[in-house]
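Structural overview
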Protein chains: 2
Amino acid sequence: MYRSHNCGELRATDINKAVTLAGWVQKSRDKGFIIWIDLRDRYGITQLVFDEERTPEAVIKEAQNLGREFVIQVKGKVIERASKNPNIPTGAIEVLVQELHILNQAILPPFTIEDKTDGGEELRMKYRYLDIRRNPVKDSLIFRHRVTQEVRNYLSNEGFIEVETPYLIKSTPEGARDFVVPSRMNPGEFYALPQSPQTFKQLLMVGGMDKYFQIVKCFRDEDLRADRQPEFTQIDCEMAFIEQEDILNAFEGLTRHLLKAIKGVAIEKFPRMTYDEAMRRYGNDKPDIRFGMAFGELNAVTQHKAFNVFNNAELVVGIAVPGGNSYTRKEIDQLIDWVKRPQIGALGMVYCRCNDDGSFKSSVDKFYDETDFRQWAERTGAKAGDLICILSGDTHKVRTQLSALRMELAERMGLRKPDEFAPLWVTDFPLLEWDEETGRYHAMHHPFTSPKPGQIDLLKTDPGAVKANAYDLVLNGNEIGGGSIRIHDKETQSLMFDYLGFTPEEARAQFGFLMDAFQYGAPPHGGLAFGLDRLVAILGGQETIRDFIAFPKNNAGRDVMIDAPAPIDNDQLEELSLKLNLK
Amino acid sequence: MYRSHNCGELRATDINKAVTLAGWVQKSRDKGFIIWIDLRDRYGITQLVFDEERTPEAVIKEAQNLGREFVIQVKGKVIERASKNPNIPTGAIEVLVQELHILNQAILPPFTIEDKTDGGEELRMKYRYLDIRRNPVKDSLIFRHRVTQEVRNYLSNEGFIEVETPYLIKSTPEGARDFVVPSRMNPGEFYALPQSPQTFKQLLMVGGMDKYFQIVKCFRDEDLRADRQPEFTQIDCEMAFIEQEDILNAFEGLTRHLLKAIKGVAIEKFPRMTYDEAMRRYGNDKPDIRFGMAFGELNAVTQHKAFNVFNNAELVVGIAVPGGNSYTRKEIDQLIDWVKRPQIGALGMVYCRCNDDGSFKSSVDKFYDETDFRQWAERTGAKAGDLICILSGDTHKVRTQLSALRMELAERMGLRKPDEFAPLWVTDFPLLEWDEETGRYHAMHHPFTSPKPGQIDLLKTDPGAVKANAYDLVLNGNEIGGGSIRIHDKETQSLMFDYLGFTPEEARAQFGFLMDAFQYGAPPHGGLAFGLDRLVAILGGQETIRDFIAFPKNNAGRDVMIDAPAPIDNDQLEELSLKLNLK
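Please read these numbers as outputs of a predicted model, since none were measured by experiment.

**Focus on the overall build of chain A**
- Scanning chain A for helices and strands turns up 17 helices and 23 strands.
- Of all 583 residues assigned to chain A, the portion counted as buried reaches 60%.
- Within chain A, contacts between residues separated by at least 24 positions form 66% of all contacts whose residues are at least 6 apart in sequence.
- Taken as a whole, chain A presents about 23,300 Å² of accessible surface, with 48% of it coming from carbon and sulfur.

Encoded structure:
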């Protein structure tokens with residue numbers, strides 16, 4: 001054992017104890033006759049003191065040569081600190097050193113190992129092992145561990161069984177792209193890495209496991225967007241003999257427990273909203289309801305005048321920005337420029353100031369009068385001092401644009417408070433969504449999701465109108481979980497594959513085992529999967545997941561620390577019955 | 001909610017309650033006027049009764065058509081059972097059915113869903129979702145969950161942090177073959193799936209995480225032997241600022257806790273044995289010490305006569321088989337045939353009967369006398385009534401052969417009791433082992449293992465004699481864990497790669513990131529990994545791991561249920577910049 005105590009442990013009650021500590025040199029102050037060193041480990045920092053009157057001379061000499069991040073072991077006595085540091089738990093004491101052993105030297109780190117480091121993102125990723133020494137990253141990883149422990153213990157106590165499903169499975173063209181793994185023993189054949197354990201958890205329900213969960217890595221070979229990872233972690237859950245209401249209650253229970261146990265936040269009942277309502281009121285299927293600014297639809301009170309921009313629009317919709325009347329003309333122009341950026345794509349923005357005296361001032365004053373404005377204010381909930389921002393156009397596009405504006409304004413106004421938690425169930429998602437690229441309907445959730453009872457015939461006449469027993473759990477404007485009640489009979493599942501454009505042969509080849517399984521007595525079942533990386537980040541008060549992943553990949557899917565992916569030997573390719581086919 | 005209670009829950013105290021149950025039809029007995037059905041779910045079995053005097057006629061009619069494994073929901077009243085079944089927890093009651101809903105039909109399962117099934121291994125694997133309905137498999141999976149929960153809670157309480165390391169890493173030619181994953185975004189480059197998170201856990205130690213664990217899938221593309229899986233699960237652990245003694249104590253603590261919590265077995269202190277001693281006494285580096293039959297080396301008491309088989313042998317070694325003198329001549333001949341089988345490869349076996357009157361009768365009576373036999377008995381610990389079995393030849397081979405015989409005899413005599421637990425630490429493994437095939441030394445554990453202090457120079461003169469700070473945890477003759485103290489400085493690690501035949505360029509290309517990391521202040525560290533699949537199987541009293549894995553692969557690495565691996569589309573190959581290269 002290299003230590004009797006760790007660096008976060010000693011207190012005033014330990015004064016006069018002989019101790020051995022080990023850790024990293026955080027910093028050193030050399031006053032000639034006395035040297036102070038901050039010794040750091042995972043648990044904290046302890047001040048060491050080397051004093052020419054009380055520490056052997058040779059030890060002082062050696063201490064003078066210690067650089068940042070040297071790994072040392074010291075033996076000494078705990079003494080009372082002259083000037084106490086109330087900011088750290090060990091601040092009442094210091095260790096008067098008698099013996100010093102250098103366990104390992106360190107060359108100068110490429111960035112400072114401090115909470116606020118001078119290292120840029122790329123450098124920190126390349127030397128991730130040094131980045132992990134910094135409190136913000138280290139604490140995030142420990143936080144993640146705490147969350148997963150809470151999840152496992154909660155679900156286990158509720159009778160869920162964690163079952164490991166396989167990683168080497170079968171590729172299916174449905175959904176995102178699979179990562180594949182060539183099989184040496186079966187030349188020309190490939191495994192796929194799971195995008196989720198979906199079919200396996202359904203088979204576990206057919207197998208009678210009743211309540212399943214797994215915290216599990218999943219893989220998607222997608223063109224990466226910022227803050228997406230090719231490998232990510234899910235809390236994957238499934239239950240049998242349940243209805244949608246049971247699932248919502250079960251996982252609301254888990255989430256409520258996490259909020260209470262981890263954040264000390266008590267939330268009684270999570271609000272619910274249908275997908276249609278979420279789109280209408282927030283232009284978004286994962287609305288952040290920590291703040292207001294709900295949409296007011298204005299067609300009825302804008303399309304009766306000669307303003308053709310509105311008259312020709314499918315949807316005219318606005319939000320009230322609290323206190324927004326204080327914006328200068330220049331600030332409003334900047335907002336208009338912001339919504340016109342290609343990433344947002346609005347053609348323009350109409351605004352209306354709500355003055356303190358009850359009057360209005362709008363960019364479309366020549367078309368509308370006070371009566372109109374008063375109705376706009378009413379429908380958007382605008383009060384004196386607010387600013388009404390109005391967009392118009394194609395319903396889907398304009399909702400997306402106004403939602404982006406709403407989030408941007410909330411961000412700027414500090415309404416997205418990281419220590420405030422607003423969960424929300426969004427239910428009744430459409431079963432299918434139209435894909436412009438392929439010109440056909442795709443399963444919005446996945447092809448195993450069951451349509452709402454009685455709506456299956458609607459698939460023939462109005463597929464886009466069919467709603468599913470599908471739901472998302474939203475937290476602070478992020479989807480943290482999603483799931484559905486599944487199809488559990490072979491006929492409906494065949495029908496669904498048919499509607500999704502599978503030939504019977506394709507359906508058989510890819511999902512034959514599942515449809516077979518349904519013939520042997522499949523119970524009604526459904527489930528939900530949480531995105532763990534995001535859940536942990538949001539609970540941790542952040543929106544970027546990277547600090548909550550020990551060894552993340554960059555936006556090109558590379559691990560810049562180990563330099564992967566990398567070429568492999570020709571022998572290896574040969575063994576796998578493969579050849580490169582580079583363009 | 002499809003049920004008010006599960007099928008394992010109702011007791012005599014519930015009599016007269018109105019209940020709703022759901023589950024599978026286990027079996028049905030139709031007496032005409034009365035039908036009994038055993039309804040099964042994960043939690044147990046409840047007897048349903050349909051009685052023509054008390055159940056609506058239509059319900060009885062429908063009940064008559066229920067087949068095995070139909071999924072049904074019933075509503076009814078809990079009543080006292082006329083003939084109680086003391087073998088099941090619900091045996092005091094039955095449910096008098098009023099309503100019956102068929103939730104799903106079932107075709108006849110391909111094997112019986114019973115504890116003793118009529119299904120063969122292949123069939124059970126193809127319909128694994130039905131196999132999981134059987135108690136032996138279901139209970140094994142639940143048992144596995146309990147074990148992992150205990151492991152996680154114990155290690156968390158001891159201050160270990162579970163950190164997820166990446167699955168898409170980099171291929172290294174050292175060790176077993178990697179599974180690789182082509183990168184679409186980086187044409188011509190590949191990720192590898194980890195054989196273990198070894199380098200990442202070491203980097204976490206460099207990163208100051210101090211105590212790490214992870215229950216994690218690992219992958220090896222090996223030619224499969226029976227009971228090997230291409231993907232398997234480890235409890236992977238690492239600690240910093242520790243010596244070997246600390247690691248042994250930490251994980252002895254975990255194992256002791258598991259034995260107590262899971263099996264109710266209290267074992268105070270685990271015995272320890274060096275590798276050399278284990279080989280000398282048991283011919284095996286993972287001896288089963290639940291029983292005796294330790295080896296007696298007999299060179300000194302066999303090589304002084306004219307028996308050249310022994311005189312020319314490097315090692316003459318025997319074991320005493322308790323009570324073995326009762327074996328008939330035919331039985332002994334069968335033993336001799338057994339050791340001569342090609343799988344064992346002995347050239348013959350000498351035996352010596354220890355008669356009850358203190359005399360001896362041996363197959364080599366013409367070379368040796370009573371004085372010799374008495375010494376053989378003394379060295380092998382043979383008593384009156386025992387049989388001494390002696391093999392001779394090349395030391396390593398003969399030890400392996402006699403070890404196989406020892407295990408076989410113990411198995412036959414029922415000495416390998418599944419409910420008895422004998423853990424053992426085997427320490428001081430050799431650092432290197434000679435590989436006949438490549439004609440060079442390989443790292444016995446892995447290239448990151450540190451040699452014993454002071455032995456590094458011996459690498460130059462007698463590499464095979466160098467011992468490592470490496471240890472295995474053995475339970476009942478199975479290696480359940482293994483680990484080592486790691487090298488933590490760049491120079492020693494470079495030297496080690498050099499001895500293992502890496503050029504500096506190869507070492508740099510594959511492990512440059514690790515050697516770089518060692519320059520920035522790496523603490524002394526070491527760890528251990530448990531094979532979870534085997535650990536769980538042994539705790540469960542079995543030696544085959546397959547029932548403890550939800551969806552195992554067969555010996556050809558195939559998942560016969562989903563039929564993977566499988567060919568992929570040409571488009572997919574094209575996207576990955578690959579071509580098949582089939583012979």
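Picking up after the structure, the text goes on.
**Considering the sheet that holds strand 16 (residues 387–393) of chain A**
All names here are of chain A.
- Across the sheet, which stays open at both edges, the 5 strands sit in the order 12-13-16-14-15 with antiparallel pairing between neighbours. In this open sheet, the two strands that pair with only one neighbour each are strand 12 (296–297) and strand 15 (360–362).
- Pairing analysis gives 7 bridges linking strand 13 (residues 315–321) to strand 16, with the strands arranged antiparallel. Within the sheet, the bridge partner assigned to Val316 lies in strand 16 and is Ser392.
- Together, strand 14 (350–354) and strand 16 form the strand contacts of helix 10 (residues 329–340), whose direction differs from that of strand 14 by roughly 150 degrees.
- Sitting on the sheet, helix 11 (residues 370–380) is in contact with strand 12, strand 13, strand 14, strand 15 and strand 16, with an inclination near 95 degrees to strand 15.

**Observations regarding helix 1 (residues 57–64) of chain A**
Residue and element names in this part refer to chain A.
- Looking only at helix 1, the buried set comprises Val59, Ile60 and Ala63. Down the axis of helix 1, the buried side of the element spans an arc of 100 degrees, and every buried residue falls inside it. Turned more than 90 degrees away from the buried face of helix 1, the exposed residues are Glu57 and Ala58.
- Buried residues along helix 1 sit in contact with strand 2 (34–41), strand 3 (44–51) and strand 5 (93–104).

**A few points about the relation of the copies chain B and chain A**
- For the pair chain B and chain A, the superposition axis carries a translation of 0.0 Å, the fit reaches an RMSD of 0.0 Å, and the rotation angle comes to 180 degrees. Overall, the copies show the geometry of a two-fold rotation axis.
- A share of 100% of the interface residues of chain B reappears at the interface of chain A, consistent with the copies meeting face to face through the same patch.

**Re the packing of helix 5 (residues 198–206) of chain A against helix 15 (residues 504–519) of chain A**
Residue and element names in this part refer to chain A.
- Running from N to C, helix 5 and helix 15 point in directions that differ by 20 degrees, and their axes come no closer than 10 Å. Regarding the angle of helix 5 to helix 15, the classification is roughly parallel. Between helix 5 and helix 15 lies a crossing whose hand is left-handed. Where helix 5 abuts helix 15, its residues Thr199, Gln202, Leu203 and Val206 lie against Phe511, Phe513, Leu514, Ala517 and Phe518.
- Class assignment of the residues belonging to the contact of helix 5 with helix 15 gives a composition of 7 nonpolar, 2 polar and no charged.

**Re the interface of chain B and chain A**
- Contacts between the two partners involve 127 residues from chain B, matched on the other side by 127 residues from chain A.
- Together chain B and chain A conceal approximately 11,200 Å² of surface at their shared face, both sides included; 59% is due to carbon and sulfur atoms.
- For the pair chain B and chain A, the number of links is 16 salt bridges.
- Residue Glu574 of chain B is joined to Lys583 of chain A by a salt bridge in which the shortest nitrogen-to-oxygen separation is 3.7 Å.
- Applying the counting rule to chain B against chain A returns 74 residue pairs in polar contact (both at pLDDT 80 or more).
- Looking at which element gives the most residues to the side of chain B that touches chain A, the answer is helix 4 (residues 135–157) of chain B, with 9 residues.

**Here's the deal with the pairing of strand 4 (residues 71–80) of chain A**
All names here are of chain A.
- For strand 4, the tally of buried residues reaches 7 of 10 residues, placing the bulk of the element in the interior.
- One ladder, built from 7 bridges, connects strand 1 (residues 18–30) with strand 4; its direction is antiparallel. Looking at the pairing, Gly23 lines up with Ile72 of strand 4.
- As paired strands, strand 4 and strand 5 are joined by 10 bridges and run antiparallel to one another. By the bridge assignment for strand 5, Val71 is matched with Asn104.

**Here's the deal with the confidence of the model for chain A**
- On average, residues of chain A carry a pLDDT of 95, and 100% of them reach 70 or more.
- Note on the complex model: pTM 0.95, ipTM 0.95.

**With respect to the packing of aromatic side chains**
- Counting across every chain of the model gives 55 aromatic pairs over all chains.
- Taking 6.0 Å as the distance between ring centres and 90 degrees as the angle between the ring planes, the aromatic pair formed by Phe219 of chain A and Tyr167 of chain B counts as edge-to-face. Of this pair, Phe219 of chain A sits in strand 9 (residues 211–219) while Tyr167 of chain B sits in the loop between strand 6 (161–162) and strand 7 (180–182), on two different chains.
- Members of the aromatic cluster, each reached through a chain of ring pairs, are Phe307, Phe310, Phe360, Phe367, Tyr368, Phe373 and Trp376 of chain A.
- Geometry around Tyr127 of chain A places Lys126 of chain A over its ring, the cationic atom sitting 5.6 Å from the centre.

**Observations regarding the side chain of Arg81 of chain B**
All names here are of chain B.
- Tracing the backbone through its elements, the reader meets Arg81 in the loop between strand 4 (71–80) and strand 5 (93–104).
- A distance of 3.3 Å separates polar atoms of two side chains, one belonging to Arg81 and the other to Gln47.
- Apart from the residues lying within four places of it in its own chain, the contact partners of Arg81 are Gln47, Ile88, Thr90, Gly91, Ala92, Ile93 and Glu94.

**A few points about helix 15 (residues 504–519) of chain B**
- Between its first and last C-alpha atoms helix 15 of chain B spans 17 Å; for 16 residues at 1.5 Å apiece the expected length is 22 Å, and the helix comes up short by more than 12%.
- Remark: the principal bend of helix 15 of chain B, roughly 85 degrees, maps to Phe511 of chain B.
- Among the residues of helix 15 of chain B, those classed as buried are Ala507, Gln510, Phe511, Gly512, Phe513, Leu514, Met515, Asp516, Ala517 and Phe518 of chain B.
- Contact partners of the buried residues in helix 15 of chain B: strand 5 and helix 3 (128–131) of chain A together with helix 5 (198–206), helix 14 (490–499) and strand 22 (525–531) of chain B.
- One or two residues past the end of helix 15 of chain B sits Gly521 of chain B, with phi positive at roughly 90 degrees.

**Considerations on the pattern of salt bridges**
Residue and element names in this part refer to chain B.
- This structure, assessed with the given rule, holds 98 salt bridges over all chains.
- Among the ionic pairs, Asp369 bridges to Lys305, the shortest N-O distance being 3.7 Å. In this pair, Asp369 is assigned in the loop between strand 15 (360–362) and helix 11 (370–380) and Lys305 in the loop between helix 8 (299–302) and helix 9 (308–311), connecting sequence segments 64 residues apart.
- Residue classification places Asp369 among the partly exposed residues on the basis of a relative accessible area of 37%.
- The shortest N-O distance in the salt bridge between Glu411 and Arg416 comes to 3.4 Å.
- Among the residues examined, Arg416 registers a relative accessible area of 14% and is labelled buried.

**Concerning a negative patch on the surface**
- Together, Glu505 and Glu506 of chain A together with Asp569 and Asp571 of chain B line one region of the surface with negative charge.
- Looking at where Glu505 of chain A falls in the secondary structure, it is placed in helix 15.

**Some remarks on the sheet that holds strand 2 of chain A**
Residues and elements named next belong to chain A.
- Taken together, 5 strands build a closed barrel; the order of strands is 1-2-3-5-4 and the barrel is mixed. Geometrically, the sheet is characterised by an average inter-axis angle of 55 degrees between neighbouring strands, direction not taken into account.
- Bridge analysis of strand 2 against strand 3 gives 8 bridges, and the strand direction is antiparallel. Residue pairing across strands places Arg40 opposite Ile45, the latter belonging to strand 3.
- Helix-sheet contacts for helix 1 involve strand 1, strand 2, strand 3 and strand 5, and the interaxial angle to strand 5 is about 70 degrees.

**Quick word on the pairing of strand 20 (residues 470–475) of chain B**
Residue and element names in this part refer to chain B.
- Most of strand 20 sits inside the fold, with 6 of its 6 residues counted as buried.
- Burial along strand 20 is two-sided: Ala470, Asp472 and Val474 and Tyr471, Leu473 and Leu475, pointing in opposite directions, are all buried.
- Relative to strand 20, strand 17 (residues 423–427) runs antiparallel, the two sharing 5 bridges. Its bridge partner being in strand 20, Leu424 is matched across the sheet by Val474.
- Of the strand pairs in this sheet, strand 20 and strand 21 (residues 478–485) are connected by 6 bridges, and their pairing is antiparallel. Bridge pairing in strand 21 links Tyr471 to Gly483.
- Connecting the antiparallel pair strand 20 and strand 21 is a turn made up of 2 residues, with Asn476 showing a positive phi of about 55 degrees.

About the cut-offs
- Residues numbered from 1 in each chain as written.
- Chains lettered and ligands numbered in written order.
- Predicted model: local features only at pLDDT ≥ 70, side-chain atom pairs only at ≥ 80, totals over all residues.
- Heavy atoms only, no water.
- Helix = DSSP H or I, 4+ residues; strand = E, 2+ residues; numbered from the N terminus.
- Buried < 20%, exposed > 50% of the residue type's maximum accessible area, 1.4 Å probe, protein only.
- Contact = heavy atoms within 4.5 Å.
- Areas by Shrake-Rupley, 256 points an atom, 1.4 Å probe, with all protein chains shown as cover.
- Pairing = 2+ DSSP bridges.
- Axes fitted to C-alpha atoms, helices over the stretch in contact; angles between N-to-C directions.
- Arc of directions from axis to C-beta.
- Least-squares fit on C-alpha atoms with pLDDT ≥ 70 in both.
- Parallel < 35°, antiparallel > 145°, perpendicular 65-115°, else oblique.
- Left-handed = near helix turned anticlockwise from the far one by under 90°.
- Nonpolar A, V, L, I, M, F, W, Y, C, P; charged D, E, K, R; others polar.
- Buried area = accessible area lost by both parts, 1.4 Å probe.
- Salt bridge = Lys/Arg side-chain N within 4 Å of Asp/Glu carboxyl O.
- Polar contact = N/O pair within 3.5 Å; in protein donor to acceptor, adjacent residues only side chain to side chain.
- pLDDT = per-residue confidence, 0-100.
- Phe/Tyr/Trp six-rings, centres within 6.5 Å; stacked < 30°, edge-to-face > 60°.
- Lys NZ or Arg CZ within 6 Å of the ring centre and 35° of its normal.
- Expected span 1.5 Å × (residues − 1).
- Bend = angle between axes of the 7 residues up to and from the residue.
- Patch = residues over 30% accessible without salt bridge, like charges linked within 9 Å, V, L, I, M, F, W, Y side chains within 5 Å.
- Lys, Arg positive; Asp, Glu negative; His and termini not counted.
- Charge placed at Lys NZ, Arg CZ, Asp CG, Glu CD.

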